[in-house]
Amino acid sequence: MSAPTLNQSVPASAPTGLPGPLRLGPYELPAPVVLAPMAGITNVAFRALCAEHGGGLYVCEMVTTRALVERNPKTLRMIEFGATERPRSLQLYGVDPRVTADAVRMVVDEGLADHIDLNFGCPVPKVTRKGGGSALPWRRRLFEAIVRGAVEAAAPAGVPVTVKLRRGIDDEHLTFLDAGRIAQDAGVAWVALHGRTAAQRYSGTADWSSIAALKAALSVPVLGNGDIWEADDALRMVRETGCDGVVVGRGCLGRPWLFADLAAAFAGGTGRVLPTLGEVAATMRRHAVLLGEWLGSERDGCVDFRKHVAWYLKGFPVGSALRRSLAMCSSLSELDGLLGQLDPAEPFPVAELGKPRGRTSAPARVALPEGWLADRDALTVPSAAELDVSGG
């Protein structure tokens, strides 16, 4: 079983108006593409697998500033990087300016990463009810204190800081333009915007016009995020918004070869990867092996891999019994036996192209600290706001 290769059978129009090279401090990215942090997904193994297919920036799972400063063992495990990963990209979540600055100084002083991204886009209730994630930019002075403190703490080592935003809390409480300007003035290297509000979670469609508005308002690079399921979506986002690069999350679940498509598209090529089921099986096994190497045991790697099975096999004619068995395997030999039952010649299900992947959720009222919306200029950090453990 060979690895997926570029396939020319799905034509794509030649792109125009491609963005120039995207710089991050001393680094120039091979393609203006960023892998979005995803809890339980974007660990060392998955990042390595994606990087084997195409160039870009691969960000580790989000970790909390307090857990990092307190050297929580799980958090320290999550910020491990491969020996050849450069730049090493770390995303931090924090609500307290002092703790965030302490975490950034720790990263800088101990050489833990080459780039720090600050998360102000997470819509998860356990985060927003503490005033964090996509809730935080509403408190614009608190937001400024966190971003400016992080940039100043990282500056002596030349470590670039970026921010990730959503449009706002909901349609009545939009924050992205104010937050983008504040972050730019504080000295960030770029601003990334997911074109949904926290209330939307992952429902509906992303509002790319907000990305265009932010791009028009800022002089630093702006990256777009939301509904990039195929490389052609990324090209369309660039054409419609003028953004300088894209951030890809759910679209690559079970499809690490999407980064090959993206690299080819931004290089002006039209080829797209359409792996056969045999090539997908080879990628699945490679993923399980990498997980085992990172976690330290074959069994742990196979167990962690289980969550990926449905994403890899989406759209392929594979029976439910075999799918269940693959999602319960505990060893590479067992995985090999099950993968061997797949038809290696089965073509890629092109009907799946462009369809959403991963989590979906209905819109919901955003959980916020009491009185959060009353005063945009309050600097008070909510009680017990700093989470003491990282993870989904």
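Residues numbered from 1 in each chain as written. Predicted model: local features only at pLDDT ≥ 70, side-chain atom pairs only at ≥ 80, totals over all residues. Heavy atoms only, no water.

- Per an unreviewed UniProt entry, the protein chain goes by tRNA-dihydrouridine synthase and derives from Actinocatenispora comari.
- Here is the UniProt Cofactor (unreviewed entry) comment for the protein chain, exactly as written: "FMN".
- In its Sequence similarities (unreviewed entry) section, the UniProt record describing the protein chain reads: "Belongs to the dus family." (UniProt positions renumbered as here; feature names shortened; annotations may be inferred.)

### Concerning the packing of aromatic side chains
A ring pair, where both rings are aromatic, is described by two values, the distance of the centres and the angle of the planes.
Okay, step 1: All chains considered together, the criterion is met by six aromatic pairs.
Okay, step 2: Ring geometry for Tyr 58 versus Phe 259: centroids 5.2 Å apart, planes at 70°, classification edge-to-face. Taken together, the positions of Tyr 58 in strand β5 (residues 57–58) and Phe 259 in helix α10 (residues 258–266) put the pair 201 residues apart, joining distant regions of the chain. Of the two residues, Tyr 58 and Phe 259, neither departs from the other in class, the shared state being buried.
Okay, step 3: Arranged with centres 5.9 Å apart and planes meeting at 35°, the rings of Phe 305 and Tyr 312 form a pair that is tilted. Pair check on accessibility: Phe 305 and Tyr 312 agree, each one buried. (Phe/Tyr/Trp six-rings, centres within 6.5 Å; stacked < 30°, edge-to-face > 60°. Helix = DSSP H or I, 4+ residues; strand = E, 2+ residues; numbered from the N terminus. Buried < 20%, exposed > 50% of the residue type's maximum accessible area, 1.4 Å probe, protein only.)

### Topic: the confidence of the model for the protein chain
Okay, step 1: When pLDDT is averaged along the protein chain, the result is 94; 96% of the residues meet or exceed 70.
Okay, step 2: Confidence over residues 8–15 falls short of pLDDT 50; this stretch has 14 contacts with residues more than four positions distant or in other chains. (pLDDT = per-residue confidence, 0-100. Contact = heavy atoms within 4.5 Å.)

### Quick look at the packing of helix α11 (residues 277–295) against helix α15 (residues 332–339)
Okay, step 1: Between α11 and α15, whose axes approach to 11 Å, the crossing angle comes to 170°. On the basis of the axis angle, α11 is roughly antiparallel to α15. Packed against α11, whose contacting residues are Ala 281, Met 284, Arg 285, Ala 288 and Val 289, the element α15 presents Leu 332, Leu 335, Asp 336 and Leu 339 at the interface. (Axes fitted to C-alpha atoms, helices over the stretch in contact; angles between N-to-C directions. Parallel < 35°, antiparallel > 145°, perpendicular 65-115°, else oblique.)

### Some thoughts on the UniProt feature "binding site: FMN" (unreviewed entry) in the protein chain
Okay, step 1: UniProt marks Pro 37, Met 38, Ala 39, Gln 91, Lys 164, His 194, Gly 249 and Arg 250 with the feature "binding site: FMN" (unreviewed entry), using the numbering shown here.
Okay, step 2: By relative accessible area, His 194 is classed as buried at 7%.
Okay, step 3: Beyond its immediate chain neighbours, meaning those up to four positions away, His 194 contacts Lys 164, Leu 165, Arg 166, Arg 167, Tyr 202, Asn 225 and Gly 226.
Okay, step 4: If you trace the backbone, Gly 249 turns up in the loop between β12 (245–248) and α10.
Okay, step 5: Residue Gly 249 is classed as buried on the basis of its relative accessible area, which comes to 12%.
Okay, step 6: Residues within four places of Gly 249 in sequence aside, it is in contact with Ala 36, Met 38 and Asn 225.

### Some details on the pattern of salt bridges
Okay, step 1: Applying the stated criterion to the full structure yields 25 salt bridges.
Okay, step 2: When the shortest N-O distance is used, the salt bridge between Glu 230 and Arg 255 registers 3.1 Å. With Glu 230 in the loop between β11 (222–225) and α9 (231–241) and Arg 255 in the loop between β12 and α10, this pair connects stretches of sequence that are 25 residues apart.
Okay, step 3: Between Asp 336 and Arg 285 there is a salt bridge, and its shortest N-O distance comes to 2.6 Å. Placement of Asp 336 in helix α15 and of Arg 285 in helix α11 is noted, with a sequence separation of 51 residues between them.
Okay, step 4: If you follow the salt bridges from partner to partner, you end up with Arg 86, Arg 88 and Asp 114 in one network. (Salt bridge = Lys/Arg side-chain N within 4 Å of Asp/Glu carboxyl O.)

### A short note on the UniProt feature "domain: DUS-like FMN-binding" (unreviewed entry) in the protein chain
Okay, step 1: Sites flagged by UniProt as "domain: DUS-like FMN-binding" (unreviewed entry) map to residues 35–334.
Okay, step 2: Note that residues 35–334 is 45% helix and 12% strand, and that its end C-alpha atoms are spaced 30 Å apart.

### A closer look at the pairing of strand β8 (residues 115–120)
Okay, step 1: Taken across its six residues, β8 has six buried, putting it largely inside the fold.
Okay, step 2: Burial along β8 is two-sided: the face carrying His 115, Asp 117 and Asn 119 and the face carrying Ile 116, Leu 118 and Phe 120 are both buried.
Okay, step 3: One ladder, built from four bridges, connects strand β7 (residues 89–93) with β8; its direction is parallel. Residue pairing for β8: Gln 91 is matched across the bridge by Asp 117.
Okay, step 4: In the classification by handedness, the crossover that spans β7, the intervening helix α4 (residues 97–109) and the parallel β8 is right-handed.
Okay, step 5: Across five bridges, β8 lies against strand β9 (residues 161–166) in parallel orientation. Looking at the pairing, Phe 120 lines up with Leu 165 of β9. (Pairing = 2+ DSSP bridges. Right-handed = clockwise from strand over helix to strand, strands pointing away.)

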